[in-house]
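# Architecture and fold: a report
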Amino acid sequence: MTDTQSRAGFEQDPFAAAFPETREFWAAAEQGRLVVPTCEDCGRAHWYPRAHCPLCGSARLRWTQASGRGTLHAFSPARRAEPQYTLAYVTLDEGPTLMTNIIDAPPEALRIGQPVVVRFQPAPEGRMMPFFAPA
Ligand SMILES: [Zn+2]
């Protein structure tokens, strides 16, 4: 995971390039930091990134560092996938709910409401992706 020389990085990642409004998110992920869009008017964080706050309509948004901690809101193992993975919704301590994958734990070991922490892993295209593991 620490071998950044062998990866293209988010600058060359086609997904990250296709959504320039997410550039800061991928740049922070490269450093192992999870950031979320936060509204300067209502003070609340939201997900996914967009031009206006979905909670109050304000356009005054900034990226703020999240704790990387949250709780497992829902999950579904993709047993027919190869390799298998567990799709999940994680609600961050800051409020927003993200769609993600749970790693480092079999689905049998998971339960709704359990605490999870972010873990970054490289996507094949180059960017670092936030996944979550039991805390
Ligand atoms: Zn707002």
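As shown above, the structure is provided for reference.
Residues numbered from 1 in each chain as written. Predicted model: local features only at pLDDT ≥ 70, side-chain atom pairs only at ≥ 80, totals over all residues. Heavy atoms only, no water.

### A look at the coordination of the zinc ion
- At 2.3 to 2.4 Å from the zinc ion lie its protein donor atoms, namely Cys39 (SG), Cys42 (SG), Cys53 (SG) and Cys56 (SG).
- Here the zinc ion is ringed by four donor atoms whose angles at the metal span 103 to 119 degrees, and the overall shape comes out tetrahedral.
- Donor residues for the zinc ion sit on one chain with the sequence pattern C-x2-C-x10-C-x2-C.
- You can call Cys39 buried: its relative accessible area is 1%.
- Overall, the relative accessible area of 27% leaves Cys42 in the partly exposed class. (Donors = N, O, S within 2.8 Å, 3.2 Å for Na, K, Ca; no water. Tetrahedral: all angles 85-135°; square planar, octahedral: opposite > 155°, others 65-115°. Buried < 20%, exposed > 50% of the residue type's maximum accessible area, 1.4 Å probe, protein only.)

### Examining the packing of aromatic side chains
- The final tally for this structure, using the stated rule, is five aromatic pairs.
- Pairing Phe25 with Trp26 gives two aromatic rings, centres 4.9 Å apart and planes at 85 degrees, and the pair type is edge-to-face.
- For Trp26, a relative accessible area of 6% puts it in the buried group.
- Ring geometry for Phe25 against Trp47: centres 5.1 Å apart, planes inclined by 50 degrees, an arrangement best described as tilted. Taken together, the residues span a long stretch of sequence, with Phe25 in helix H2 (residues 23–30) and Trp47 in the loop between strand E1 (35–39) and strand E2 (61–65) at a distance of 22 residues.
- Taken together, the ring pairs connect Phe15, Phe19, Phe25, Trp26, Trp47 and Trp63 into an aromatic cluster.
- Between the NZ or CZ atom of Arg50 and the centre of the ring of Tyr48, over which it lies, the distance is 3.9 Å. (Phe/Tyr/Trp six-rings, centres within 6.5 Å; stacked < 30°, edge-to-face > 60°. Helix = DSSP H or I, 4+ residues; strand = E, 2+ residues; numbered from the N terminus. Lys NZ or Arg CZ within 6 Å of the ring centre and 35° of its normal.)

### With respect to the environment of Ala105
- The residue Ala105 is located in the loop between strand E5 (97–102) and strand E6 (115–122) in this model.
- Given a relative accessible area of 17%, Ala105 falls into the buried group.
- C-alpha separation for the pair Ala105 and Cys56, spaced 49 residues apart in sequence, amounts to 37 Å.
- If near-sequence neighbours (up to four positions away) are discounted, Ala105 is found in contact with Leu110 and Pro134. (Contact = heavy atoms within 4.5 Å.)

### Section: the pairing of strand E7 (residues 128–134)
- Judged by how many residues are buried, E7 sits mostly within the fold: five of seven residues are covered.
- With seven bridges joining them, E6 and E7 adopt antiparallel strand pairing. Note that in E7 the partner of Val117 across the bridge is Ala133.
- The hairpin formed by E6 and E7 contains five residues between the paired strands, and Gly126 there has a positive phi angle of roughly 130 degrees. (Pairing = 2+ DSSP bridges.)

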